[in-house]
Amino acid sequence: MKEKFLHNEFWTLTFGAAFQRAYVYKKNVSDKNKEQFKTVTRHYIENELLAVYSYEHVSDEVHIDNIIKLSNFTGQFSNILQNGKLNFGVSQKMLNLYLKYLWCYGKISEPPHFPVDRRIQENIEFRPIVSWTRFKDEVDYMNIINHVRLINKEYPTIAEFELIHFKRRVKTKE
């Protein structure tokens, strides 16, 4: 029960973060259609993409291919999604964030990359900042990943580097 609860929380956080500011849905899409999309997409990631991350180090090429597969998979929901499917940027954020949660929870080996968004670009002083919600392919994404590889002198991997440098905006009352 606890594990199921945590996985549901991981997905709630993943969809929330991947869809924020991305305007993925067309206008007037029902909550029922959104939930169906999320359920089917979640099952696709868990049943079709996740296994490779459990057993071995995943190469850049395999990981990029999985992001593209996810983006293409969502094309079956073209009736509710802007541009007919999730673009590369939203797909990478979704897959990378879910993998990050599973890794931190100890369920998979370390993911090859990290969720690329504005916050990490600001934290690593990457310029010019590129809107992750508009990535159409892996070019800008890999520029950021490779930038972190170049500047990472302190941590064994870029996933660990990002974990240390990630800072969530927390709103608190003063």
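Anything mentioned here points back to the structure above.
Residues numbered from 1 in each chain as written. Predicted model: local features only at pLDDT ≥ 70, side-chain atom pairs only at ≥ 80, totals over all residues. Heavy atoms only, no water.

Asks: It is not clear to me how the overall build of the chain should be interpreted in this structure. Could you clarify?
Replies: Along the backbone of the chain there are 8 helices and 0 strands. Its helices and strands in sequence order give the chain the pattern α-α-α-α-α-α-α-α, from N to C terminus. What you see for the chain is a C-alpha radius of gyration of 16 Å, in line with the 16 Å of a compact globule of 174 residues. Principal-axis analysis of the C-alpha atoms places the extent of the chain at approximately 45 × 45 × 40 Å. (Helix = DSSP H or I, 4+ residues; strand = E, 2+ residues; numbered from the N terminus. Rg over C-alpha atoms; globule rule 2.2 N^0.38 Å.)

Asks: Explain the nonpolar core to me, please; I cannot follow it from the model alone.
Replies: Note that soluble globular proteins tend to have their nonpolar side chains buried in a common cluster. Formed by 52 residues in total, the largest nonpolar core has its most connected members in Phe 19, Met 94 and Tyr 141. Those elements that place two or more of their residues in this core are α1 (2-19), α2 (31-49), α4 (60-73), α5 (88-104), α7 (138-151) and α8 (158-165). With 10 residues, the single largest contributor to this core is α5. The residues contacting Met 94, other than those within four sequence positions of it, are Trp 11, Thr 14, Phe 15, Ala 18, Phe 19, Thr 41, Ile 45, Leu 70 and Leu 86. (Core = buried A, V, L, I, M, F, W, Y, C linked by side-chain atoms within 4.5 Å. Buried < 20%, exposed > 50% of the residue type's maximum accessible area, 1.4 Å probe, protein only. Contact = heavy atoms within 4.5 Å.)

Asks: Mind showing me how you'd approach the pattern of salt bridges here?
Replies: A pair can form between side chains of opposite charge whenever their charged atoms are brought close. All told, the structure shown has 9 salt bridges when counted by the stated rule. A salt bridge links Glu 162 to Lys 100; the nearest nitrogen and oxygen atoms lie 3.0 Å apart. Remark: Lys 100 occurs in helix α5 and Glu 162 occurs in helix α8; sequence separation between them is 62 residues. Between Arg 118 and Glu 122 there is a salt bridge, with its nearest N and O atoms 3.0 Å apart. Pair noted here: Arg 118 and Glu 122 are both in helix α6 (residues 118-123), with a separation of 4 residues, about one helical turn. For Arg 118, a relative accessible area of 46% gives the class partly exposed. Sharing partners across several salt bridges, the network here consists of Arg 118, Arg 119 and Glu 122. (Salt bridge = Lys/Arg side-chain N within 4 Å of Asp/Glu carboxyl O.)

Asks: Sorry if this is basic, but what is going on with the packing of aromatic side chains here?
Replies: Given two aromatic rings, one states the distance between the centres and the angle between the planes to describe the pair. Counted by the stated rule, this structure contains 12 aromatic pairs. Note on Phe 10 and Tyr 105: the rings are 5.6 Å apart at their centroids and 70° apart in plane angle, and the pair reads as edge-to-face. Of the two residues, Phe 10 sits in helix α1 while Tyr 105 sits in the loop between α5 and α6, which places them 95 residues apart along the sequence. Looking at Phe 10, the relative accessible area reads 10%, which means it is buried. Arranged with centres 5.0 Å apart and planes meeting at 75°, the rings of Phe 37 and Phe 77 form a pair that is edge-to-face. A residue pair is termed long-range when its members are at least 10 positions apart, and Phe 37 in helix α2 and Phe 77 in the loop between α4 and α5 qualify at 40 residues. You can call Phe 37 buried: its relative accessible area is 0%. Relative accessible area serves as the criterion here: at 8%, Phe 77 is assigned to the buried category. In this structure an aromatic cluster arises from ring pairing among Trp 11, Phe 15, Phe 19, Tyr 25, Phe 37, Phe 77 and Tyr 98. Lying over the aromatic face of Trp 132, Lys 93 brings its terminal NZ or CZ to 4.3 Å of the ring centre. We note Lys 100 situated over the ring of Phe 166; from NZ or CZ to the ring centre the distance is 4.3 Å. (Phe/Tyr/Trp six-rings, centres within 6.5 Å; stacked < 30°, edge-to-face > 60°. Lys NZ or Arg CZ within 6 Å of the ring centre and 35° of its normal.)

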